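# Coordinates in review
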Amino acid sequence: MSIYEFATPAVSEHWAKTMKPSGDWRQVGRFGLAFTARDQKFISDERRAELVTALKKATANEA
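Quick summary incoming for the structure in this document. Quick caveat: nothing in here was measured; it's all calculated off a predicted structure.

So, how was this worked out
- Residues numbered from 1 in each chain as written.
- Predicted model: local features only at pLDDT ≥ 70, side-chain atom pairs only at ≥ 80, totals over all residues.
- Heavy atoms only, no water.
- Helix = DSSP H or I, 4+ residues; strand = E, 2+ residues; numbered from the N terminus.
- Polar contact = N/O pair within 3.5 Å; in protein donor to acceptor, adjacent residues only side chain to side chain.
- Contact = heavy atoms within 4.5 Å.
- Expected span 1.5 Å × (residues − 1).

### A few points about the side chain of Arg48
- Relative to the assigned elements, Arg48 resides in helix 2 (residues 45-58).
- Looking at Arg48, its side chain comes within polar contact range of the main-chain oxygen of Ile43, at 2.9 Å.
- Beyond its immediate sequence surroundings of up to four residues, Arg48 is in contact with Asp24, Arg26, Phe35, Gln40, Lys41 and Ile43.

Below you can see the structure in the form of structure tokens.
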């Protein structure tokens, strides 16, 4: 998994939507989580959801 940080949530959302055809991208605020590397197929959907939840919790207090 790769985590990308963008200037704003809107930019992150744009990248997640644009890159979605190349693999599984998930947006969390101003961050994008990319599950696009070759071995990412071994990360279950449940674990991906857990990682999204963890990032949401970690960034919940951002302004």
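And the narrative resumes.
### What to know about helix 2
- Across its 14 residues, helix 2 extends 20 Å between first and last C-alpha, which sits within 8% of the 20 Å expected from 1.5 Å per residue.
- Packed against the buried residues of helix 2 are strand 2 (24-28) and strand 3 (31-35).

### A closer look at the side chain of Thr59
- With respect to the secondary-structure elements, Thr59 resides in the segment after helix 2.
- A polar side-chain atom of Thr59 sits 2.8 Å from the main-chain carbonyl oxygen of Leu55.
- Leave out the neighbours within four places in its chain, and Thr59 touches Val28 and Phe31.

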